[in-house]
Amino acid sequence: MGAGIVGIGKYVPERVVTNADLEKVMDTSDEWIRTRTGIEERRIADDDTNTSDLAYRAALEAIKNANISPEEIDLILVATVTPDRPFPSVSCMLQERLGATKAAAMDISAACAGFMYGLVTAKQFIEGGAYKYILVVGVEKLSKVTNWEDRNTAVLFGDGAGAAIVGPVSEGRGILSFDLGADGTGGKHLYQDEYIIMNGREVFKFAVRQMGESSLRALEKSGLTKEDIDFLFPHQANIRIMESARQRLDVPEEKMSKTVNKYGNTSAASIPISIVDELEAGKIKDDDIIVMVGFGGGLTWGAIVMRWGR
Ligand code: UT7
C-alpha cells in the first residue's frame, strides 16, 4: 500500500499588503517587484498571530478534509524556520491544541524545501507500517524575521500555512518517488541571524538549476518522464525561477501552479497552499501525475512525484 495525501488545508492571514503599500515605506516600485518576481501582494499576520496559530488553522482544515479525528493522528511533522520559539516545537503546540493525544511530534528545518522533507518522512513511516495518519504542515511567519529596511528581501516574503494528512492510499496512487538533497556549502547565500540575509543572484542560479534537475531525477525513479506531468507545483519564490523550471520540463503554462502573485514567497507553506488553490479551481483530478519541487536555505531541495487521489 502506498502513502499519499488524504486531506489538505490552508490558512493565510486576512491582511493584504500590496506592492503599492510597500512603495510608501521603502525605495521600491510596483513595476520592479512585478517584473523581477511576479509578486503583486502578500499576506502579513498581525502581531498577535504566531506561526502555531497559522499552522493550527490549516491543520484543522486538513483534518476535516481527510474526514479523520485528531485522535487518529500518529505523528505531527511541522516544517518551519520561523517557530514561535526554539522549543517546545510548533508540532507539540499543535498536538495540544488539536487534541491529537496519540501523536508523536517534531519540527523539521529544511527552509523552503521543508514540506517536501516532511512528506517524504511521512511516507517512510506509513509504508514501513509503523503509522497510519501523519499530519504534515508547512508554515511560516516570515514577516517576523524580515528586515523591513532591506528592499532586497522585504518585498519577497509572505506569511501562511498549508497542511496535509498523509495516509494509506489505493494501489498505484500516492507518492511514487522523490529526490531530496542538500548543499551546505551554499548556506552562506541564504540565512538568518536576526533577520533573513540573502544573496539573491546566487540563490537564483542554484534554484534554476536544481528545480529542473531534481524533478527529472524524481521522475526517472518512478519510470516516468516529463511528458507524464499533468500538473507542476514549483516552490513559489519568483515567477522567473518557476518559468525556467517549467520550460526545462516542457510543461504548458496552464499546467503550472502560479500563486506567487497573491501570497509572495511563503517558504515551506507555498506548495501546500498552491495545491489547495488548484484543487478549489478544479485543476487537479484523481490519477493526475503531479510534480512538486522546492528549494531553499541550507541550501536544500526536494522533488516529489505523486499520483493524486486516495
Ligand atoms: O525561497 C528561496 C528564497 N529566495 C529566492 O528565491 C530568491 C532568488 N533570487 C531572486 O528571486 C532574485 O535574485 C531577486 C528577485 C531577489 C532579485 O532579482 P535580480 O534580478 O537578481 O536583481 P538584482 O539583485 O541583480 O538587483 C538588480 C537591481 C539592483 O540595483 P543596481 O545595483 O543594479 O543598481 C538592486 O539594488 O535592483 C535593485 N533592487 C531593487 N529595486 C527596487 C533590489 N531590490 C529592489 C527592490 N526594488 N525591492
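Please refer to the structure higher up on the page.
As a starting point, this report considers the structure included with it. Here the structure is a predicted model, which is why all the values come from computation and not from measurement.

## Examining the packing of helix 3 (residues 51-66) against helix 4 (residues 90-98)
When two helices pack together, their arrangement is given by the angle between the helix axes and the distance between those axes.
So, point 1. With their axes 10 Å apart at the nearest point, helix 3 and helix 4 run at an angle of 55 degrees to one another. Here helix 3 lies oblique to helix 4, going by the angle between them. As for how helix 3 packs across helix 4, the hand of that crossing is right-handed. Only Val-90, Met-93, Leu-94, Arg-97 and Leu-98 of helix 4 make contact with helix 3, whose side of the interface consists of Thr-51, Ser-52, Asp-53, Ala-55, Tyr-56, Ala-59, Leu-60 and Ile-63.
So, point 2. Its residues assigned to classes, the contact of helix 3 with helix 4 shows 9 nonpolar, 2 polar and 2 charged.

## Thoughts on the layout of surface pockets
So, point 1. Roughly 980 Å³ of volume is contained in the largest pocket.
So, point 2. If you go around the largest pocket, you meet 38 residues; those closest to its centre are Asn-152, Leu-156, Phe-157, Met-198 and Gly-200.
So, point 3. Breaking the lining of the largest pocket down by element, the ones donating at least two residues are helix 2 (30-37), helix 6 (151-154), strand 9 (190-192), strand 10 (196-198), helix 7 (200-221), helix 8 (239-248) and strand 12 (289-296).
So, point 4. Ranked by residue count, the leading element in the lining of the largest pocket is helix 7, at 5 residues.
So, point 5. For the lining of the largest pocket, the per-class residue count stands at 18 nonpolar, 14 polar and 6 charged.
So, point 6. Among the domains, domain 1 (2-169) and domain 2 (174-257 + 280-307) are the pair contributing at least three residues each to the lining of the largest pocket.
So, point 7. In this structure, the second largest pocket encloses a volume near 180 Å³.
So, point 8. As for the second largest pocket, its lining consists of 13 residues, and the residues nearest its centre are Gly-7, Ile-8, Asn-65, Leu-279 and Trp-308.
So, point 9. Put simply, the parts of the chain that give the lining of the second largest pocket at least two residues each are strand 1 (2-11), helix 3 and helix 10 (270-280).
So, point 10. Looking at which element gives the most residues to the lining of the second largest pocket, the answer is strand 1, with 4 residues.

## With respect to the site of the ligand
So, point 1. Taken together, 22 residues lie around the ligand, and Thr-28, Arg-36, Arg-201, Asn-238 and Asn-265 are the ones closest in.
So, point 2. Interatomic distance of 2.7 Å between a side-chain N/O atom of Thr-28 and a nitrogen atom of the ligand.
So, point 3. The contact in question runs from a nitrogen atom of the ligand to an N or O atom on the backbone of Arg-151, over 3.0 Å.
So, point 4. When isolated, the ligand has an accessible area of 950 Å², and the protein chains bury 77% of it.
So, point 5. Under a 2 Å grid-point criterion requiring more than half of the atoms, the pocket assigned to the ligand is the largest pocket.
So, point 6. Of the residues that make up the shell around the ligand, three or more belong to each of domain 1 (2-169) and domain 2 (174-257 + 280-307).

## Re the environment of Asp-150
So, point 1. By the secondary structure assignment, Asp-150 is in the loop between strand 6 (134-141) and helix 6.
So, point 2. Taking the relative accessible area as the measure of exposure, Asp-150 reaches 19% and is therefore buried.
So, point 3. Put simply, Asp-150 and Leu-216 are 66 residues apart on the chain and 35 Å apart in space, counted from C-alpha to C-alpha.
So, point 4. Side-chain polar atoms of Asp-150 contact the backbone nitrogen of Asn-152, separated by 3.0 Å.

What counts and what doesn't
- Residues numbered from 1 in each chain as written.
- Predicted model: local features only at pLDDT ≥ 70, side-chain atom pairs only at ≥ 80, totals over all residues.
- Heavy atoms only, no water.
- Axes fitted to C-alpha atoms, helices over the stretch in contact; angles between N-to-C directions.
- Helix = DSSP H or I, 4+ residues; strand = E, 2+ residues; numbered from the N terminus.
- Parallel < 35°, antiparallel > 145°, perpendicular 65-115°, else oblique.
- Left-handed = near helix turned anticlockwise from the far one by under 90°.
- Contact = heavy atoms within 4.5 Å.
- Nonpolar A, V, L, I, M, F, W, Y, C, P; charged D, E, K, R; others polar.
- 1 Å grid on protein atoms, 1.4 Å probe; cavity = no way out; pocket = protein on both sides within 12 Å on 5 of 7 lines; lining within 4 Å.
- Points joined across faces, edges and corners; volume = space filled by probe spheres on them.
- Domains from an automatic or database assignment.
- Near = heavy atom within 4 Å.
- Polar contact = N/O pair within 3.5 Å; in protein donor to acceptor, adjacent residues only side chain to side chain.
- Areas by Shrake-Rupley, 256 points an atom, 1.4 Å probe, with all protein chains shown as cover.
- Sits in = over half its atoms within 2 Å of the grid points.
- Buried < 20%, exposed > 50% of the residue type's maximum accessible area, 1.4 Å probe, protein only.

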